[in-house]
Amino acid sequence: MKRSVLIAIAAAVMTAAIAGVLSRPYLWPSRETKHAHVMEQARAEPAAAIYYRDPDGKPFYSLTPKKTPDGRDYRAVPAGADVSFDDPAEVAAAPSADRKIKYYRNPMGLPDVSPTPRKDSMGMDYIAVYEGEDSDDGSVKVSQGKIQRTGVKSEPAARRVIRTMIRAPGTIQLDERRVSVIAMRAESYVQKVADVTTGAHVVKGQPLMEIYSPAMSSAAAEYISTLNSKVTGGDGPYGRGSRQRLMNLDVPDAAIVALEKSRNVPIGIEWTSPRDGIVLERNAIEGMRAQPGDVLFRIADHSVVWAIVDVAERDLGSVAVGKRTIVRARSFPGREFLGKINVIYPQINKETRTARVRVELPNPDLLLIHDMYVDAEIETGSAETVLAIPESAVLDSGSRQAVLVDRGEGRFEPREVKLGHRGEGYVEVREGLAEDDPVVTSANFLIDAESNLKAALKGFAEGAQP
């Protein structure tokens with residue numbers, strides 16, 4: 001048989017087969033017969049829209065056809081094109097036949113449940129909740145897909161050393177034990193003043209002024225007379241008494257030694273600095289009359305100063321005498337001064353609710369000066385290890401603190417805890433957890449929201465059941 005004849009026969013057979021298929025009646029679920037060409041027409045028709053959205057993708061929606069202000073039609077969104085946040089693998093998986101449906105929940109997460117299948121106002125099917133998905137042990141179950149998408153991370157509770165830095169402002173004050181005042185103990189006259197001004201640095205023994213005082217001159221003459229006398233001279237009681245009288249008038253030791261060597265009564269007595277330091281006050285004026293008690297010079301030693309730090313009342317329990325403190329002056333960025341707390345003042349400022357803490361600071365370069373502003377960092381905490389978790393793991397409602405314990409297989413158990421000290425990104429756990437308990441440290445607020453939603457749905461479901 002020729003090849004052309006075979007091809008013609010095959011074509012005829014195929015044409016007859018197609019015609020027979022298209023003409024066969026089909027039985028639909030409603031037991032009505034439809035022909036294949038009707039079914040093809042039905043397939044060609046677009047799916048029914050469940051809602052309409054703005055053609056520009058703006059967050060504007062409508063349940064009925066609508067136009068934009070410029071006259072364009074809203075775009076129809078069929079059921080298959082609706083956005084879903086569920087894991088596609090989980091949605092595609094068919095439920096097991098032996099699993100029993102407890103209830104149906106609202107697909108938009110609203111607290112609305114139904115004992116039977118139904119649709120919401122937008123035409124979306126309610127989601128079935130099966131037995132076992134809604135646990136009664138207080139834990140919440142999250143699918144593995146959601147765990148991966150939200151970035152849930154867990155970390156075991158472990159023992160750590162927690163050190164906390166308390167930061168507080170303060171000012172530099174003079175060491176009260178290193179301030180000297182030069183005042184006369186008898187009526188005196190200032191004959192000469194050295195080239196020393198306020199703010200100048202002086203050293204111990206440096207001349208400051210020359211003083212004439214009738215009382216001092218009389219005591220000096222008596223002392224020289226006692227020294228020159230063969231009867232009362234030497235280190236006898238008369239000699240010691242005369243010298244003590246000069247000391248009682250606060251005559252400098254250098255002036256007394258010079259008097260003993262020269263055995264002459266000077267007209268004026270040279271007054272020297274009693275310590276190294278900065279001249280804070282210079283009230284001495286050449287030719288002035290100084291009454292007893294008048295302050296002529298005030299000198300302060302700046303080699304050691306105090307930092308008076310204002311610590312908040314809530315941090316006062318963590319501060320103790322001897323704690324190491326780092327002080328930074330705002331005038332010298334990058335420079336650190338190390339000291340220790342030596343006094344905690346026993347009163348609270350009622351306006352600022354702060355307590356004063358005194359830190360003693362060495363100041364060898366004399367950079368820290370009186371009334372300078374500083375920032376202090378006080379190290380608190382203990383060298384002992386405590387059970388600690390990251391601060392990000394704590395869900396704090398204000399009245400209670402809780403964490404989410406990872407029980408594996410997507411289950412998380414909320415557990416209330418009691419916390420202690422915080423520092424370096426960790427917080428001490430005093431009750432509620434054991435060592436190596438894994439707690440959620442990332443995306444835990446999403447799991448907490450999931451648990452709150454499921455608790456609400458469960459309450460509505462129990463109320464809907466007869």
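Residues numbered from 1 in each chain as written. Predicted model: local features only at pLDDT ≥ 70, side-chain atom pairs only at ≥ 80, totals over all residues. Heavy atoms only, no water.

K.L.:
Hey, could you go over the overall build of the protein for me, with residue numbers and the actual values?
P.N.:
Of regular secondary structure, the protein possesses eight helices and 31 strands. Counting across all 466 residues of the protein, residues that qualify as buried make up 33%. Contacts in the protein between residues at least 24 apart in sequence constitute 67% of all its contacts with a sequence separation of at least 6. Here the protein displays about 28100 Å² of accessible surface, and carbon together with sulfur accounts for 53% of that area. (Helix = DSSP H or I, 4+ residues; strand = E, 2+ residues; numbered from the N terminus. Buried < 20%, exposed > 50% of the residue type's maximum accessible area, 1.4 Å probe, protein only. Contact = heavy atoms within 4.5 Å. Areas by Shrake-Rupley, 256 points an atom, 1.4 Å probe, with all protein chains shown as cover.)

K.L.:
If you had to explain the packing of helix α5 (residues 214–228) against helix α7 (residues 253–262) to someone new, which residues and values would you point to?
P.N.:
Look at α5 against α7: their axes get within 10 Å of each other, and the N-to-C directions meet at 45°. As the angle between them shows, α5 and α7 are arranged oblique. Seen from above, α5 lies across α7 with right-handed handedness. Residues Ala-220, Tyr-223, Ile-224 and Leu-227 of α5 pack against Ile-256, Leu-259 and Glu-260 of α7. Across the contact of α5 with α7, the residue classes break down as six nonpolar, no polar and one charged. (Axes fitted to C-alpha atoms, helices over the stretch in contact; angles between N-to-C directions. Parallel < 35°, antiparallel > 145°, perpendicular 65-115°, else oblique. Left-handed = near helix turned anticlockwise from the far one by under 90°. Nonpolar A, V, L, I, M, F, W, Y, C, P; charged D, E, K, R; others polar.)

K.L.:
For unusual backbone geometry, give the residues involved together with the corresponding values.
P.N.:
The phi torsion of most residues other than glycine is negative, and most of the peptide bonds are trans. The backbone of Leu-366 shows a phi angle near 60°, a positive value even though the residue is not glycine. Of note, Leu-366 is situated in the loop between β24 (354–362) and β25 (373–381). Using a relative accessible area of 35% as the deciding quantity, one classes Leu-366 as partly exposed. Positioned with a positive phi, Asp-436 is a non-glycine residue whose angle comes to about 75°. Examined against the element boundaries, Asp-436 turns out to sit in the loop between β30 (426–431) and β31 (438–442).

K.L.:
Before we move on, could you go through the layout of surface pockets and cite the residues and values that matter?
P.N.:
One number sums up the size of the second largest pocket: a volume of about 270 Å³. Taken together, 14 residues line the second largest pocket, and the ones lying closest to its centre are Asp-250, Pro-252, Asp-253, Thr-272 and Pro-274. Put simply, the parts of the chain that give the lining of the second largest pocket at least two residues each are β13 (179–183), α7 and β17 (269–272). Considering every element that reaches the lining of the second largest pocket, the biggest residue donor is β13, with three residues. A class-by-class count of the residues in the lining of the second largest pocket yields eight nonpolar, three polar and three charged. (1 Å grid on protein atoms, 1.4 Å probe; cavity = no way out; pocket = protein on both sides within 12 Å on 5 of 7 lines; lining within 4 Å. Points joined across faces, edges and corners; volume = space filled by probe spheres on them.)

K.L.:
Which residues make up the nonpolar core, and what values go with them?
P.N.:
Met-184, Met-209, Leu-296 and Phe-297 are the most contacted members of the largest nonpolar core, which totals 30 residues. Those residues in contact with Met-184 that lie beyond four places of it in its chain are Met-209, Ile-211, Met-216, Trp-271, Ala-290, Gln-291, Pro-292, Gly-293, Asp-294 and Leu-296. Within the second largest apolar cluster, 20 residues are counted, among which are Ile-172, Ile-341, Leu-368 and Ile-378. (Core = buried A, V, L, I, M, F, W, Y, C linked by side-chain atoms within 4.5 Å.)

K.L.:
Explain the side chain of Ser-217 residue by residue, including any values.
P.N.:
One can find Ser-217 in helix α5. Look at Ser-217 and you get buried, because its relative accessible area is 17%. When sequence neighbours within four positions are dropped, the list of residues in contact with Ser-217 reads Tyr-212, Val-265, Pro-266 and Ile-267.

K.L.:
Got a sec to walk through the environment of Ala-290? Specific residues and values, please.
P.N.:
Tracing the backbone shows Ala-290 in strand β19 (residues 289–290). Residues Ala-290 and Tyr-189, spaced 101 residues apart in sequence, show a C-alpha to C-alpha distance of 5.8 Å.

K.L.:
Residues and numbers for the sheet that holds strand β7 (residues 113–114), please.
P.N.:
With antiparallel pairing, the three strands of this open sheet are ordered in space as β7-β6-β8. Among the strands making up the open sheet, the edge pair consists of β7 and β8 (127–130). Of the pairings in the sheet, the one linking strand β6 (residues 101–105) to β8 comprises four bridges and is antiparallel in character. Bridge pairing in β8 places Tyr-103 opposite Val-129. (Pairing = 2+ DSSP bridges.)

K.L.:
Can you explain the pattern of salt bridges? Please cite residues and give values.
P.N.:
For the structure shown, the criterion picks out 25 salt bridges. Between Arg-72 and Asp-70 there is a salt bridge whose closest N-O contact spans 3.1 Å. According to the relative accessible area criterion, Arg-72 is partly exposed, its value standing at 35%. The class for Asp-70 is exposed, based on a relative accessible area of 53%. Across the salt bridge formed by Arg-167 and Glu-377, the nearest N and O atoms sit 3.2 Å from each other. In this pair, Arg-167 sits in strand β12 (residues 163–174) while Glu-377 sits in strand β25, placing the two residues 210 residues apart along the sequence. Classification of Arg-167 as exposed rests on a relative accessible area of 59%. Connected through shared salt-bridge partners, Asp-175, Arg-177, Arg-178, Asp-301 and Glu-360 make up one network. (Salt bridge = Lys/Arg side-chain N within 4 Å of Asp/Glu carboxyl O.)

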